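Here's the letter readout for the chains.
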Amino acid sequence: MPLLEINNLVTAFHTPAGRVPAVDGVSLSIERGKTLGLVGESGCGKSVTAMSILRLVASPGVIESGEILLAREGGSVDLTQLPEPELRKVRGGRIGMIFQEPMTSLNPVFTIGDQIAEAVLLHRAVPRAAARARALEMLKLVRLADPEQRLDEYPHQLSGGMRQRVMIAMALACEPDLVIADEPTTALDVTIQAQILELLSDLRRRLQTSLLLITHDLGVVAETCDEVAVMYAGRIVERAPAAELFANPQHPYTIGLLAARPATGVRHEGPLRTIPGMVPLPQNFPAGCRFHPRCAYARLPHCAGDVPPLRDIRPQHQARCHYAGELGPATGEKGDAAHFPHFSNAGNELRPLFPEGGS
Amino acid sequence: MTTQPLLVVENLQTHFPVRRGLLRRVSGSVQAVDGVSFSIAKRRTLGLVGESGCGKTTVGRSILRLVEPTGGDVRFAGASVRGMNARDLRALRRRMQIVFQDPYGSLNPRMTVRGILEEGLVIHRMGDARDRLARMRRALDRTGLTAATLERYPHEFSGGQRQRIAIARALVLEPEFLVLDEPISALDVSIQAQVVNLLVELREELGLTYLFISHDLSVVEYVSDDVAVMYLGRLVERADAAALYRAPLHPYTLALFSAVPTIDPARRRRRIVLTGDVPSPSRPPRGCRFHPRCPLAESVCREVDPPATTLDGHLVHCHVAARELERSAGDVRAAAASIAEAMAAASAKPASDAAAASGTLKA
Amino acid sequence: MNASSPIRSSGFWAEAWRRFRRKPLAMAALAFVSLLMLVAGLAPAIAGTKPVICRYKGRLYAPCLGYFDRRLEPTIFAKDKFRGTYPRNLVEKDPGSWAVWPLVFQDPYRSVRDDEWPGRPANPARDEGRPSRINLFGTDQAGVDVFAKMVHGTTIALLVGFVSMGIAGSIGIVVGALGGYLGGWVDMLTSRVTEIVMCIPTLVLILSIMALLEKPTIWHTMAIIGATGWTGIARLTRGEFLRLRQSEFVTAARATGAGPVRIMLRHILPNALAPILVPITFGIASAILTESSLSFLGFGPPPPSASWGSILNDARSNLSMWWLVVFPGVAIFLTVLAYNLIGEGLQEATDPRLREARK
């Protein structure tokens, strides 16, 4: 039985312009001690999915339906139905969270030690001294240099990478079963990113914690995750073990994403392969398969009419595409500039609801 | 290269004063760029890579004198940019343009696209109203946008479209040289390739010369003819793109390349995880600036600033690399291989293992 | 869904207006201020003793314009010895004449005499003059109609706000813009001057200057309120210019070759204007209050011009004349409230952060 199971989650934002379904029927599951990567571009709903798990979606967002089952002794509990006081015990207790921006997620007026100790005291009935000892222990665990000294420092005295280590220490302080990391390395430089990713993988192995890693970077997923779920326009479009997904991508979107990145160490000739068009905004997701307007394989009117189900294409490998498994070469060659839909989002509400990077 | 370089950057130095106290006395300086030299030939692209705070953005802005360099010189088509008066500088800014990273911040939200594109034409008195419209339409067309874009405001566009508008703003002045300052890093992955293709296409069609600044190593490799790596205000290595990626000589370059997560397991390098953080550019270390984080650092690295060693157009500032090159008798690939070997061995040493902290706390 | 999309592209101000319109209170306030402007413009046609239009000795005249400026009153009536009383004189001196009269036959500057209007008694004076059908808001000590005084005082109330804040806004924007954009010693100088001016107590300054002046007028009051009330605007403008000077679109404009004047006027000012307009609106409200306080203390515009505050001043000598307090008091209150509501509405319509918070 998986540690966390999400079934048909629907989270929508009720704006003056109407209902915006940011997450539209997402199902996921995370096994104990495993890492699940949730990848997608801005506005695809990956962050909203993560926030929905802990019911931290900001108003006007509402979890409309679906269940989020967290395993516990003798069964499981549906987080969407849990009363608020119970849920607070889960937040930071059984599920820890790491955010993208380590500067703004730490409180600037408290010391590092106080903040980690606070996280411990919220969930454990231990004396303050024990909580502080635990904080020191955690700083050592995340390999922060000079941990005794750092305990009494303020967030602004630390670099970005050090702050992210502190965030990890806080998330792990109460020995959670699951850690949700929302773009934990996006704000960091590559050499620092490498440090943090290595630390996360190492800690996960040693503490047997499950990790839900949300990112837009396929490389990060490839190097750290066991399982991958690719999101596009509020839905999971492909799901598979990491090695399988990168070796045999089945959904045209995943195929396109992988092809669009130039590989290092290879001399490319000719232009990069692109996915034409724009990332759709949640207020006007296309009908049918939501990727069909940008899909080189789309067959009309079938793809524009019917929503494809997420179905098994290969063992342990599902994709949400009518023609997955039988794609072959692309049908209509959709050029880049020629098919650039200039105003396919015409209207006054064009501002992205979820600014790039923030989702 | 036999062609005359279009842009020559010579020992460029840009320091920002740090002011403290009531009287705002200068108490020190941030050495954002400290002695950087390179040149770019016409129609070529130099990729400039490095991590945040290494000074790559300041190099780009110093070339256009959007920030004032404090030393060295920049020569564009033979003329010294640093010595220019306001009038010459204005004329220069028609020939040299820049595209910024953030397409949300770089377009004035109160102006229509027409206003944004037309401004440069008006400033440089290019054409009459009808001619200007024709130029704007041409620039939009080149960037894959329609003329209907003109009457709209930036907020009505997606990130990728805004970046196209920013590129059109630069192109409308018909420049020869473009500084591309992280032009794709704010964009979605599926949009990045579109913009990269557009930039390459424009370079071929219009014969442009680029300085392509980015932290995205694979895109830099794809776009650039030559690549320069910066660390803490200094250039550490510069070479032909293929050569640099095939055989990086500087330990920092090596670590940087190995840190990039890749999808292809076959191409995955042995990860060299650097310890520590980048030091502050206001107090750079003595000697080689990379030595506090370098697994191969020796005593000479702590004292002596490494001079440039050049071999077959491959330039590197590193004592260890210089010695290896000498030992391998000029075989760059052999030198690179032995440095990589040493790096991997040095970083494979077990990290000082902190106490296993699990499970000591009871509920 | 294409380039020929019929949806009009809307700029920032059109968007702000759309949001402002959704706020009923702010819209009511705006309607109230518009009404005041109407009243000020049509004051002589609403209350007065001079015909709006009359035919006299074969020609058409508009004697009511004399209320705006005495020189606009046709000289023929002075020559014919009307002495300000039109109804009887018109009929006596030209039986063929006709006239269109103001809605309320009452004069803001003098008491209406017995039988001046056929069959109507003279205005009561002192505490006799409570509100009646003839004197809607009652009369003051000297028997002058309060309604007429208030209608004609509207102009002053509006002028005080617009002129003084026009002055304050111009000074504040210029000073703040120069300091914020140029920085260095200019900023040092403008900031110090701002701080010094900020220390001057406006009321005391006005009182002393009024005492020094031989013939103080309402214009002096406005000039002083304006000359001392710009500090807040300057500080805000400086902050906005400092912030926007760093923005990338300003750097982009510099890269295009734009000079400092162009950058300040075309790039920074339009972006800074919205937040600056808000304190200007609040400033109008406080200028009206300042003027009312001055008039109440007896330092208002010298007779015959009457402001709302000077009517309050009349009430000081006889507090049983409640109507001298209530009507001008309510008018001042409503006007100040209206400007404050407009300011708040403007703030919410133009500040995206406030907008999000209210969602």
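Residues numbered from 1 in each chain as written. Chains lettered and ligands numbered in written order. Predicted model: local features only at pLDDT ≥ 70, side-chain atom pairs only at ≥ 80, totals over all residues. Heavy atoms only, no water.

### Overview of the overall build of chain A
Each helix and strand counted, chain A has 11 helices and 12 strands in total. Once local pairs closer than 6 in sequence are excluded, the contacts in chain A between residues at least 24 apart make up 67%. If you sum the accessible surface of chain A, you get close to 13900 Å²; carbon and sulfur atoms cover 52% of it. (Helix = DSSP H or I, 4+ residues; strand = E, 2+ residues; numbered from the N terminus. Contact = heavy atoms within 4.5 Å. Areas by Shrake-Rupley, 256 points an atom, 1.4 Å probe, with all protein chains shown as cover.)

### Here's the deal with the side chain of His15 of chain B
Residue and element names in this part refer to chain B. Position of His15 relative to the elements: it lies in strand β1 (residues 5-20). You can call His15 buried: its relative accessible area is 19%. The residues contacting His15, other than those within four sequence positions of it, are Ser29, Val30, Gln31, Val33, Asp34 and Thr70. (Buried < 20%, exposed > 50% of the residue type's maximum accessible area, 1.4 Å probe, protein only.)

### Some remarks on the state of the cysteines
What the rule picks out here adds up to zero disulfides over all chains. No disulfide involves Cys295 of chain A; its nearest neighbouring cysteine sulfur is the one of Cys321 of chain A, lying 6.2 Å away. No disulfide involves Cys301 of chain B; its sulfur sits 6.0 Å from that of Cys288 of chain B, the nearest cysteine. (Disulfide = S-S within 2.5 Å.)

### Some words on the packing of aromatic side chains
In the structure shown here, the tally under the stated rule is 22 aromatic pairs over all chains. Here the aromatic rings of Phe76 of chain B and Phe177 of chain B are separated by 6.1 Å at their centres, their planes lie at 45 degrees, and the arrangement is tilted. Separated by 101 residues along the polypeptide, Phe76 of chain B in strand β4 (residues 71-76) and Phe177 of chain B in strand β7 (residues 177-181) bring together distant segments of the chain. Across the pair, Phe177 of chain B and Phe76 of chain B agree in class, each one buried. Ring centres 6.2 Å apart and planes at 40 degrees place the aromatic pair Tyr67 of chain C and Tyr109 of chain C in the tilted group. (Phe/Tyr/Trp six-rings, centres within 6.5 Å; stacked < 30°, edge-to-face > 60°.)

### Here's the deal with the confidence of the model for chain A
Residue and element names in this part refer to chain A. Scored by pLDDT, chain A comes out at a mean of 84, with 89% of its residues at no less than 70. Of all helices and strands in chain A, the one with the weakest mean pLDDT is helix α7 (residues 190-207) (87), whereas strand β9 (residues 227-232) scores best (96). Segment residues 330-359: pLDDT under 50, and 90 contacts once partners within four positions in sequence are set aside and those in other chains are kept. (pLDDT = per-residue confidence, 0-100.)

### Remarks on the sheet that holds strand β1 (residues 4-15) of chain A
Residues and elements named next belong to chain A. What the four strands build is an open sheet, ordered β2-β1-β4-β5; its pairing is antiparallel. What marks the edges here is a single partner per strand, and that holds for β2 (18-30) and β5 (75-78). Taken over all neighbouring pairs, the strand axes of this sheet differ in orientation by 15 degrees on average, direction set aside. Across eight bridges, the pairing between β1 and strand β4 (residues 61-72) is antiparallel. In the sheet register, Asn7 faces β4, and the bridge partner there is Glu67. (Pairing = 2+ DSSP bridges. Axes fitted to C-alpha atoms, helices over the stretch in contact; angles between N-to-C directions.)

### A few points about helix α6 (residues 160-172) of chain A
Residue and element names in this part refer to chain A. The terminal C-alpha atoms of α6 lie 18 Å apart, and with 13 residues this matches the ideal 18 Å at 1.5 Å per residue to within 8%. Burial analysis of α6 places 11 of its 13 residues in the buried class, the great majority of the element. Buried within α6 are the following residues: Gly161, Met162, Arg163, Gln164, Arg165, Val166, Met167, Ile168, Ala169, Ala171 and Leu172. In this structure, the buried side of α6 is in contact with β6 (95-98), α3 (112-123), α4 (128-141), α5 (147-150), β7 (178-182) and α7. (Expected span 1.5 Å × (residues − 1).)

### Quick word on the pairing of β7 of chain B
Residue and element names in this part refer to chain B. Counting buried residues along β7, five of its five residues qualify, which places the element largely inside the surrounding structure. Side chains Phe177, Val179 and Asp181 project from β7 onto one buried face, and the interleaved Leu178 and Leu180 project onto a second face that is buried too. Pairing analysis gives four bridges linking strand β6 (residues 96-99) to β7, with the strands arranged parallel. Bridge pairing links Val99 to Leu180 in β7. Alignment of β7 against strand β8 (residues 209-214), held across five bridges, turns out to be parallel. By the bridge assignment for β8, Val179 is matched with Leu211. Each parallel crossover has a hand, and the one from β7 via helix α6 (residues 189-206) to β8 is right-handed. (Right-handed = clockwise from strand over helix to strand, strands pointing away.)

### Description of the confidence of the model for chain C
Detailed reading of the predicted model is not advised wherever pLDDT is low. All names here are of chain C. Summing up the model confidence of chain C, the mean pLDDT is 85 and the portion of residues at 70 or higher is 94%. Predicted confidence is poor over residues 1-7, with pLDDT under 50, and the contacts of this stretch with residues over four places away or in other chains come to 12 contacts. Here residues 355-359 scores under 50 on pLDDT; set against residues more than four positions off or in separate chains, the count is seven contacts. Across the interfaces of the predicted complex, the ipTM metric reaches 0.82, alongside a pTM of 0.82.

### Some details on the nonpolar core
Formed by 84 residues in total, the largest nonpolar core has its most connected members in Ile167, Val196, Leu249 and Tyr252 of chain B. Take this core: its biggest share by element is eight residues, from α6 of chain B. A domain-level breakdown of this core finds at least three residues from each of domain 1 (5-224) and domain 2 (246-362) of chain B. In this view, Tyr252 of chain B contacts Thr191 of chain A together with Glu51, Val229, Met230, Tyr231, Val236, Leu274 and Phe290 of chain B; residues no more than four positions away in its chain are not counted. Within the second largest apolar cluster, 69 residues are counted, among which are Leu200, Leu213, Val220 and Tyr253 of chain A. (Core = buried A, V, L, I, M, F, W, Y, C linked by side-chain atoms within 4.5 Å. Domains from an automatic or database assignment.)

### Re the sheet that holds β1 of chain B
Residue and element names in this part refer to chain B. Taken together, the four strands give an open sheet; going across it, the order is β2-β1-β4-β5, and neighbouring strands pair in antiparallel fashion. Because the sheet does not close on itself, it has two edges, and the strands there are β2 (25-41) and β5 (79-80). Along the sheet, helix α1 (residues 56-63) contacts β1, β2 and β4; its crossing angle with β1, the most-contacted strand, is approximately 110 degrees.

### So, the environment of Phe110 of chain A
Residues and elements named next belong to chain A. Along the polypeptide, Phe110 turns up in the loop between β6 and α3. By relative accessible area, which is 41% here, Phe110 ends up partly exposed. Once residues within four sequence positions are removed from consideration, Phe110 is found in contact with Gln115, Tyr154 and Pro155.

### So, the pattern of salt bridges
What the rule picks out here adds up to 50 salt bridges over all chains. Measuring nitrogen to oxygen at the nearest pair gives 3.9 Å for the salt bridge that ties Asp24 of chain A to Arg235 of chain A. With Asp24 of chain A in strand β2 and Arg235 of chain A in strand β10 (residues 235-241), this residue pair connects regions lying 211 residues apart in the sequence. Look at Arg235 of chain A and you get buried, because its relative accessible area is 13%. For Arg192 of chain C, the salt bridge identified is with Glu195 of chain C, shortest N-O distance 3.1 Å. Note that Arg192 of chain C and Glu195 of chain C are positioned in helix α6 (residues 184-198) at a spacing of three residues, about one turn of the helix. (Salt bridge = Lys/Arg side-chain N within 4 Å of Asp/Glu carboxyl O.)

### Observations regarding the environment of Val122 of chain B
Residues and elements named next belong to chain B. Examined against the element boundaries, Val122 turns out to sit in helix α3 (residues 113-123). The exposure class assigned to Val122 is partly exposed, which follows from its relative accessible area of 36%. Separated by 10 residues in sequence, Val122 and Arg132 place their C-alpha atoms 8.5 Å apart.

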